[in-house]
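Architecture and fold: a report
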Amino acid sequence: MGKTAVTHQGLSDFSAVDATLGYLYQVRSALLWTLRRLKTDPEFLVGIETLDDVTFETTGGEPTELLQTKHHKSGTGTLTDASSDLWKTLRIWFEGRLSGEVTPQSNLYLVTTSSAPSGSAAWNLRASQRDVFAAQYTLTATATTSINQANAKAYEAFLAVDESTRLDILEKVTVLDSAPSVTNLDDELTQEVYWAAGREHHAAFLQRLEGWWLRRVLQQLSMAATDRIGSVELESQMSDLREQFKQQALPIDDDLLEFSLDEAKREEHKNSNFVRQIELTKAGKRRIAAAIRDYYRAFEQRSRWLRDDLIVGMDLHKYEKRLVEEWELTFEAMRDELWDSATADVKEAAARKLLKWAEQTLLPIRPYVTEPFVSRGSLHMLSDDLRVGWHIDFREHLADLLRTGTGAT
């Protein structure tokens, strides 16, 4: 009994993996087809899980192209004349035609990683060497004679229309078999964004574009009855990314822009040097929280740029040198304004003024990188290394704090 239970659990796990891969394939295929369509049609709408797996509509809501996507692991899946993938798809389209949801003008595509055997109905519905009459004959014979109960409803829908209507619908059907698997779509997607960024940045560009696409699809799915993804949205996102990948720019990732500080991250950094530096100024808790947020954003964004080869270590070294030089000028100006007998309160007030400078001064790493958290967070990173500070006596104070292991008082 125990062995059987384990086996069933294993089969269930594989089934869940297949289903997940299928959903990811649908989403990635939708992006690929949308990018391709943008080349010839500047304005249209895309729906995921609306009328079909992927539906392309005019801005007036008229469906023009319907896609069914079927994903199978490498080496599996064959589009025989009784294939469930084929007949499930045909059932959707034939029933949709009868209900009026699928218009006679809609082009219908089955995109599948399976292969169509030579001479089969699916083979005769491919883009090249089409023979719709032969496909209709084979499908009619299958629907009439097959005892496959899983396809029974599909057979009924197919036979419910006359031969002329069957031919009319099948004329709109194109089978795109042996399509790349979900993990092999990278090459085709890269071709569609080839000129958007330098060759060395294709992977980083595509990663960010797909990240935006996935978030937009999730939003659309949550409001599938009313929401569609506009081609202009994708074109706008592509344009923004192209600008960010120019030589004088760097991409700023959306998840970092939207990052909100949580208690775990706050707790993680409560004893960090850059936090202690702010505590020396007697600045409020909200400014400390903002500093932790910007520190995390800058640290993570810089790490991604390095990982994606968008910058090199020398770029960061030069940037940090410039930040330190700008800080030194401001720090020395503060020193000149203080006197040897300045009280603790006066020093703290001056330190808060210098911290304000760090919070409000934009020092871009590249001319078009104008997101403030990059310079603010980078200054806090330098503060964490004690290369810069806000209090006139920060080195002395922190040396004592580090030696005693206590926080600022």
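Every value quoted in this text rests on a predicted model; they were computed, and no experiment measured them.

For the rest of this paragraph, the subject is the pattern of salt bridges. Taken as a whole and assessed by the stated rule, the structure comprises 35 salt bridges. Note that Arg287 is salt-bridged to Glu359, the shortest N-O span being 3.0 Å. Of this pair, Arg287 sits in helix α13 (residues 285-307) while Glu359 sits in helix α15 (residues 344-360), and the two are 72 residues apart along the sequence. Classification of Arg287 as partly exposed rests on a relative accessible area of 27%. Given the relative accessible area of 23%, Glu359 is considered partly exposed. A salt bridge links Glu320 to Arg387; its shortest N-O distance comes to 3.1 Å. Residue Glu320 is located in helix α14 (residues 313-337), and its partner Arg387 is located in the loop between α16 (372-384) and α17 (394-404); the two are separated by 67 residues in the primary sequence. A single network of salt bridges, built from pairs that share partners, joins Arg208, Asp253, Asp255, Glu300, Arg304 and Asp308.

Pairing is mixed in the open sheet, where six strands are placed in the order β5-β4-β3-β2-β1-β6. This sheet does not close on itself; its edge strands, each paired only once, are β5 (173-176) and β6 (229-230). Of the strand pairs in this sheet, strand β3 (residues 63-70) and strand β4 (residues 107-112) are connected by six bridges, and their pairing is parallel. Looking at β4, one finds that Lys70 is bridged to Thr112.

The relative placement of two packed helices is expressed as an angle between their axes plus a distance between the axes. It is at 11 Å that the axes of helix α8 (residues 202-222) and helix α9 (residues 231-244) come closest, and there the two elements cross at 150°. Taken together, the axes of α8 and α9 are roughly antiparallel relative to one another. Between α8 and α9 lies a crossing whose hand is right-handed. Taking contact as the criterion, the partners of Phe205, Arg208, Leu209, Trp212, Trp213 and Arg216 in α8 are, on α9, Glu233, Leu234, Gln237, Met238, Leu241 and Arg242.

Look at α14: 36 Å from first C-alpha to last across 25 residues, which is about the 36 Å you get at 1.5 Å a residue. Those residues of α14 that fall on the buried side of the exposure criterion are Leu316, Tyr319, Glu320, Leu323, Val324, Trp327, Phe331 and Met334.

Let us now look at the environment of Ser29. Mapped onto the fold, Ser29 is located in helix α1 (residues 2-38). Separated by 151 residues in the primary sequence, Ser29 and Pro180 place their C-alpha atoms 9.8 Å from one another. Once residues lying within four places of it in the same chain are set aside, the contact partners of Ser29 are Thr69 and Leu185. A distance of 2.8 Å separates the side chain of Ser29 from the backbone oxygen of Tyr25, its partner in a polar contact.

The next thing to look at is the packing of aromatic side chains. Two measures describe an aromatic ring pair: the distance that separates the ring centres and the angle between the ring planes. One pass over the structure, following the stated rule, counts 14 aromatic pairs. Ring plane angle 80° and centroid distance 5.4 Å describe the contact between Trp87 and Phe158, whose orientation is recorded as edge-to-face. Placement of Trp87 in helix α2 (residues 84-99) and of Phe158 in helix α5 (residues 152-159) is noted, with a sequence separation of 71 residues between them. This pair shows no difference in class: Trp87 is buried, exactly as Phe158 is. Centroid distance Phe274 to Tyr295: 4.3 Å. Interplanar angle 5°. Geometry classified as stacked. One end of the pair, Phe274, is in helix α12 (residues 273-280); the other, Tyr295, is in helix α13, with 21 residues separating them in the sequence. Overall, the relative accessible area of 0% leaves Phe274 in the buried class. Members of the aromatic cluster, joined through ring pairs, are Trp87, Phe94, Tyr155 and Phe158. The positively charged end of Arg37 is found above the aromatic ring belonging to Phe44, 5.0 Å away from the centroid. Positioned above the aromatic ring of Trp123, the side-chain terminus of Arg126 is 3.7 Å from the ring centre.

Once that is clear, we can look at the nonpolar core. Nonpolar side chains tend toward joint burial in soluble globular proteins. If you look at the biggest cluster of nonpolar residues, it comprises 79 residues, and the most contacted ones within it are Phe205, Trp213, Leu234, Trp305, Trp327 and Trp390. Residue contributions to this core peak at eight residues, all from α1. Not counting residues up to four positions away in its chain, the partners in contact with Trp305 are Leu250, Pro251, Ile252, Leu310, Ile311, Ile365, Val369 and Val374.

What counts, and at which threshold
- Residue indices follow the written sequence of each chain, beginning from 1 at its first position.
- Residue-level local features of this predicted model are given only where pLDDT is at least 70; pairs of side-chain atoms are given and counted only at 80 or more, and the full residue set underlies all totals for whole chains, interfaces and linings.
- Side-chain numbers come from the whole structure's heavy atoms, not from hydrogens or water.
- Any carboxyl oxygen of Asp or Glu that lies within 4 Å of a side-chain nitrogen of Lys or Arg is treated as forming a salt bridge with it.
- A helix here means a DSSP run of H or I that spans at least four residues, while a strand means a run of E at least two residues long, and both kinds are numbered starting from the N terminus.
- Exposure classes here rest on a 1.4 Å probe applied to the protein chains alone. A residue is buried below 20% of its type maximum, exposed above 50%, and partly exposed in between.
- By definition, two strands form a pair when at least two bridges between them are found by DSSP.
- A fitted line through C-alpha atoms represents every axis, and for helices the fit uses only the stretch in contact; the resulting angles, taken between N-to-C directions, go from 0 to 180 degrees.
- Note on angle classes: values under 35 degrees are labelled roughly parallel, values over 145 roughly antiparallel, values of 65 to 115 roughly perpendicular, and the remainder oblique.
- Helix crossings get a hand from a simple test, with the near helix turned counterclockwise from the far one by less than a right angle marking a left-handed crossing and a clockwise turn marking a right-handed one.
- Should any heavy atoms of two residues lie within 4.5 Å, those residues are counted as being in contact.
- Here the expected length of a helix is defined as 1.5 Å per residue gap, with one fewer gap than residues.
- Think of a polar contact as two N or O atoms within 3.5 Å of one another; within protein, one of them needs to be a possible hydrogen donor and the other a possible acceptor, and neighboring residues in sequence only count if both atoms come from side chains.
- Two aromatic rings, drawn from Phe, Tyr or Trp (for Trp, its six-membered ring), form a pair once their centres lie within 6.5 Å of each other, and the interplanar angle then sorts them: stacked below 30 degrees, edge-to-face above 60, tilted otherwise.
- A ring has a charge above it when a Lys NZ or an Arg CZ is no more than 6 Å from the ring centre and no more than 35 degrees off the ring normal.
- To qualify as a nonpolar core, a set must consist of buried Ala, Val, Leu, Ile, Met, Phe, Trp, Tyr and Cys residues joined through side-chain atoms within 4.5 Å.

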